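Observations on chain architecture
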Amino acid sequence: MTLARRRFDALIIGAGGAGLNAALQLANANLRVAVVSKVFPTRSHTVAAQGGVNAALANVFEDNWHWHMFDTVKGSDYLGDQDAIEFMCREAIPTVYELEHNGVPFSRLDNGKIYQRAFGGQSQNFGGAQAARTCAAADRTGHAILHTLYQQNIRARTHFFDEYFGVELIRDEDGAILGALTLEIETGEPLLIEAKTTLLATGGGGQVFRTTSNAHINTGDGMAMALRAGVPLMDMEFFQFHPTGIAGRGMLITEGVRGEGGYLINKDGERFMERYAPTAKDLASRDVVSRAIVTEVKEGRGCGPNADHVLLKVDHLGEDIIAKRLPGIRESSKIFAGVDPAVEPIPVFPTAHYMMGGIPTDRLGQVVIPAADGSEQIVPGLYAAGECACVSVHGANRLGGNSLLDILVFGRAAGQQIINNLKDNPEHRPMSEAAIDQAVARLTRWEQSGEGISVRELRDEFRKVMEDHAGVFRTDEIMAEGVEKVKALREKLKDVRLGDQSKVFNTARIEALELENLIDIGMAIVLSALERKESRGAHSRPDYTERDDVNWLKHSVYFKEGDRLDYKPVQTKPLTVETFPPKPRVY
Amino acid sequence: MKFFVYRYNPDVDTAPHMQEYDVEVTRGMMLRDALMEIKRQDEAFAFRHSCGEGVCGSDAVNVNGANLLGCTTPVSELKEPVNVRPLPGRPVIRDLVVDMSQFYQQYRAVKPYLIHKDALPEQEILQSPEDRDKLDGLYECIMCGCCSTACPSFWWNPDKFHGPQALLQAWRFLADSRDQATEERLDALEGPYKLFRCHTIMNCVESCPKSLNPTKAIGKIKELMLRHSI
Amino acid sequence: MSRQASGLRAWALQRISAVYLGLYLIYMLGHLSFNAPESYEAWRAYVADPGVTFGMLLFATALLIHAWVGIRDVLIDYVHPIMARVGLLSLFAIGFIGCGLWFAKVVFLAGVAA
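Position numbers for residues start from 1 in each chain and track the written sequence from start to end. Going through the entries in the order they are written, you letter the chains from A and number the ligands from 1. Totals for whole chains, interfaces and linings use all residues, but because this is a predicted model, local features are given only for residues with pLDDT of at least 70 and pairs of side-chain atoms are given and counted only at 80 or more. As a rule here, side-chain values come from all non-hydrogen atoms in the structure, and water together with hydrogens is ignored.

1. Considerations on a nonpolar patch on the surface
Each patch is built from salt-bridge-free residues with over 30% relative accessible area, joining like charges within 9 Å and nonpolar side chains (Val, Leu, Ile, Met, Phe, Trp, Tyr) within 5 Å. Each accessible area is a Shrake-Rupley estimate made with a 1.4 Å probe; only the visible protein chains count as cover when residues are assessed. Between Lys or Arg on one side and Asp or Glu on the other, a salt bridge is scored when a side-chain nitrogen of the former is within 4 Å of a carboxyl oxygen of the latter. A surface patch of nonpolar side chains, amounting to about 400 Å² of accessible area, comprises Trp155 and Trp156 of chain B together with Val74 and Tyr78 of chain C. Working definition: helices are DSSP H or I runs of at least four residues, strands are E runs of at least two. Numbering for both runs from the N terminus. Taken together, the elements giving at least two residues each to the nonpolar patch come down to helix H4 (152-156) of chain B together with helix H3 (50-78) of chain C. Mapped onto the elements of the fold, Trp156 of chain B is located in helix H4.

Here it is in structure tokens:
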């Protein structure tokens, strides 16, 4: 088989906010950049982000990046690296202005400045009064940003490979990444893309769980590709459950609803967050609110015929605010929950939402393999940004409004660093046939036909196992069983057969490749979770209820080879300011 | 519930056909859920979908003659038997998957990006809430293609007429107080084809799943063009 | 038909002509209802009035412009082979010009005889 090949200065896999912001930097610098995306770029999941992007612009209340940094460190339950967090909070401000200059239709204040709303976990003056730091375009901020970035990439004439699936990274003996094997979905033909640098920006993998706010496409492809290329994944046990998904369906109701003044009630009509977080109440950090909701339901104070959810009350805000600031969630509530939030409260329950962990990178987006002594070894030619990466700025729990910020700041930083790096490495490295064959084998494996388990069957089973064994509350027993079950499913994967062997737009083949990816990252999640014997941020254990800063103020690092776990110290030293030492986290 | 679904796989079929499926309807089932159930029954069935909440715009299909989004259409609202076909007027790649490249090309042709010529301020470019309100009903487009593929003028001249989606976006930038390329944009829309194939049939308005109004936007472009030419 | 002008100009002309056609039809309807010429001679005298002649000629011009833009739209939409389109456009153009000239002749002759 002769493999079609293309050559570019830079290859970006994934066309969400991180990928497109990096591509924009590169294309503006007149480099040849290829963006590979398994869906048309504006279908990427950044489009679903609702609430907004954090930046201390101080348009509404007094604010500065240092307060933002404090909130982020505290929100991370002190597991975030403080150098990266300082970088992100500082960069937030120029990043948002740049977005605005690029055309994002932000909502506006009367003085013409960008509208900023209150979001969970935000404070003024290091834990003081509520801040308003989240820049919003109504409740469609992700949509507005993604479309704008795509539009700017059209202007910059970025080369897009739409509906191409990233199959496998190609690496040489030194471990340097030389590009990737992709699959053109429309024709079913493989295409080898050689690149001097490769950026993974493939987003999260919420599809590991059965009930999720994540799109069908969020299958952690980049993380799994990295794992198979010998790169570990960091802090995978930290999976955020967003407190307010539409009950039973998982679609998200933005935290912005509570930011605008909405609040949660149980079946007695009690505003129960006052008990769990007396100060911040409904705007406490997401892990806190999610656990509160699950506790209310567990203790029999849930609403509805099955007492399996709580209610989000909004109607007191009035028709005007709802129409102006929350038009999208009103539409979603009507369609998916059958309620108009201007009249009735919305039934909500936590939904799997966001991966704090991912491919370890430095703050320039370069992928690094961490060692226990705190040193880091750069993987030549490989970058990662966005939800698939772990810088780590979110630590054990991400604050609302910091995910759009993460993808934009680090997408941009990765783009800049790639530009610098290409100056020193102007040539393509040679690619060996053996390396290519290894990647192609991943495709040919699915050409085996005959009797076997179906992709659907295994996928359904796997997602159920993950939900049952790595959900909001985690005990040793439940998770140990989970590890065994995922291992068994991983074995079963060998017996999965594809019934449909046709070439043209074969979505079954894509789902098979995605299933392999899901199981790889599922394993990283359950193993990392089982081993972390403390409760921190989103990782909550009834058998180890306290945070343990003596033994566990460190990042978990999972390697696929031998299912090995390693640990790396948290970077507690910021770039220019004083360290925020760990403190009890109360809201 | 009975579904008749358009099936065509160029690898095996010589001609398209409608295939019957029976789907057990569950409470709150959306059309996308039904299509996923059909894929469960028949692995070889292909359709695009992703977010499941009407923001990514992947799963636009033609159902009982009307273009709509699978994920925001409750099956309870559909008349049985449900006929599901690919979006009309576009070349079929496989089953419900159509080739949208011409549609995307028309979008690119309207220069759908902000052009600001003055030096940029250190902070945001100011915009009054009133000016920002003018973008409502325009920027929310999810590029699902329901409108343009429901437009007879786009069926007849998809290579030359921009179509409602692209024209809505053309107006989105003309209406933006920060944009400084009004003259160029208007000049580029001149001629009998790009803009003026619109005969206000209004299928676009009828079919938009986000309740946007491309016809109104097209009217505003014509009005602005007239004002700039007299 | 310059490529640059035929979009907006055609569209504007179609609308302006429509306004005139509408107003003229209302006027004509009123005139015929309340003050209809009763004989052939009366008709000729009415048409011979310079104001009426001008109004009628303008009506014919507006009608033809309106029809031309409309027909051109239909042909652009439905007739794609270029020779067929040019042929049909020419046919309609000649037909419309013929109609216009014939109409002018009728109106002017009425004036001459009076």
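Having seen the structure, we can now continue with the description.
2. Points about the pattern of salt bridges
Residues and elements named next belong to chain A. Overall, the coordinates contain 77 salt bridges over all chains when judged by the stated rule. The salt bridge partner of Glu433 is Arg5, with a shortest N-O separation of 3.5 Å. Here Glu433, found in helix H12 (residues 433-444), pairs with Arg5, found in strand E1 (residues 4-13); they are 428 residues apart in sequence, far enough to count as distant. We note a salt bridge from Arg536 to Asp549, for which the minimum N-O separation is 2.8 Å. On the criterion of sequence distance, the pair formed by Arg536 in the loop between helix H15 (507-531) and helix H16 (549-552) and Asp549 in helix H16 is long-range, its members being 13 residues apart. For Arg536, a relative accessible area of 0% corresponds to the buried category. What makes Asp549 partly exposed here is its relative accessible area of 28%. The network of salt bridges with shared partners includes Asp77, Glu237, Asp287, Arg291, Arg532, Glu534, Arg536, Arg547, Asp549 and Arg585. For each residue, the accessible area found with a 1.4 Å probe, counting protein chains only, is set against the maximum for its type, and the residue is called buried under 20%, exposed over 50%, and partly exposed in between.

3. Remarks on the interface of chain B and chain C
On the side of chain C, 15 residues touch chain B, which itself brings 13 residues to the contact. Both sides together, the interface formed by chain B and chain C hides about 1300 Å², and carbon and sulfur atoms give 57% of it. By the criterion of area lost to chain C, the three top residues of chain B are Trp156, Glu190 and Arg197 of chain B, representing 35% of everything that side buries. Taken together, chain B and chain C are joined by two salt bridges. Whether two residues are in contact is decided by their heavy atoms: any pair within 4.5 Å suffices. By convention, the term buried area covers the 1.4 Å-probe accessible surface removed from two parts as they join, with the contributions of both added.

4. Let's talk about the interface of chain A and chain B
Contact residues are listed per partner, giving 61 residues for chain A and 62 residues for chain B. Here chain A and chain B share an interface that buries about 4900 Å² over both sides, 51% of which is from carbon and sulfur atoms. Note that Glu140 of chain B and Arg140 of chain A form a salt bridge whose closest N and O atoms lie 3.8 Å from each other. Counting only elements with at least two residues in the side of chain A that touches chain B, the list comes to helix H3 (82-102), helix H4 (141-155), helix H10 (327-337), helix H13 (455-469) and H15 of chain A. Take the side of chain A that touches chain B: its biggest share by element is eight residues, from H4 of chain A. Any residue that is not Ala, Val, Leu, Ile, Met, Phe, Trp, Tyr, Cys, Pro, Asp, Glu, Lys or Arg is counted as polar, Gly included; the first ten are nonpolar and the last four charged. Of the residues that constitute the side of chain A that touches chain B, the class distribution is 24 nonpolar, 19 polar and 18 charged.

5. Comments concerning the side chain of Ser290 of chain A
Residue and element names in this part refer to chain A. Mapped onto the elements, Ser290 comes out in helix H8 (residues 286-298). In protein, a polar contact means a hydrogen-donor-capable atom and an acceptor-capable atom, both N or O and within 3.5 Å, with residues adjacent in sequence counting only if both atoms are side-chain atoms; elsewhere, any N or O pair within 3.5 Å suffices. At a separation of 2.5 Å, a polar atom in the side chain of Ser290 contacts the main-chain carbonyl oxygen of Phe241. With near-sequence residues (within four places) excluded, Ser290 lies in contact with Phe241, His242, Pro243 and Pro350.

6. Structural notes on the sheet that holds strand E4 (residues 116-117) of chain A
All names here are of chain A. Here, a strand pair is defined by DSSP locating no fewer than two bridges between the strands. Taken in spatial order, the three strands line up as E3-E5-E4 in an open sheet, and their pairing is antiparallel. Each end of this open sheet is capped by a strand with a single partner; those strands are strand E3 (53-54) and E4. Direction of pairing for E3 relative to strand E5 (residues 134-135): antiparallel, over a ladder of two bridges. The partner of Asn54 across the bridge, within E5, is Thr134.

7. Considerations on the packing of aromatic side chains
Centre-to-centre distance and the angle between the planes together describe a pair of aromatic rings. A pair of aromatic rings is counted whenever rings of Phe, Tyr or Trp (Trp by its six-membered ring) have centres within 6.5 Å, and the orientation is called stacked for planes under 30 degrees apart, edge-to-face for over 60 and tilted otherwise. All told, the structure shown has 24 aromatic pairs over all chains when counted by the stated rule. Judged by centre distance (3.7 Å) and plane angle (5°), the ring pair of Phe40 of chain A and Tyr104 of chain B falls under stacked. Of the two residues, Phe40 of chain A is situated in the loop between strand E2 (33-37) and E3 and Tyr104 of chain B in helix H2 (residues 101-109); the pairing between them involves two chains. As far as the burial class goes, Phe40 of chain A and Tyr104 of chain B line up, both buried. Seen from their ring centres, Phe209 of chain A and Phe241 of chain A are 5.4 Å apart, and the 65° between their planes marks the pair as edge-to-face. Of the two residues, Phe209 of chain A sits in the loop between strand E9 (189-200) and helix H5 (221-228) while Phe241 of chain A sits in strand E11 (residues 239-246), which places them 32 residues apart along the sequence. Note on accessibility: Phe209 of chain A and Phe241 of chain A belong to one class, buried. Put simply, the rings of Phe40, Tyr150 and Phe160 of chain A together with Phe103 and Tyr104 of chain B pair up and form one aromatic cluster.

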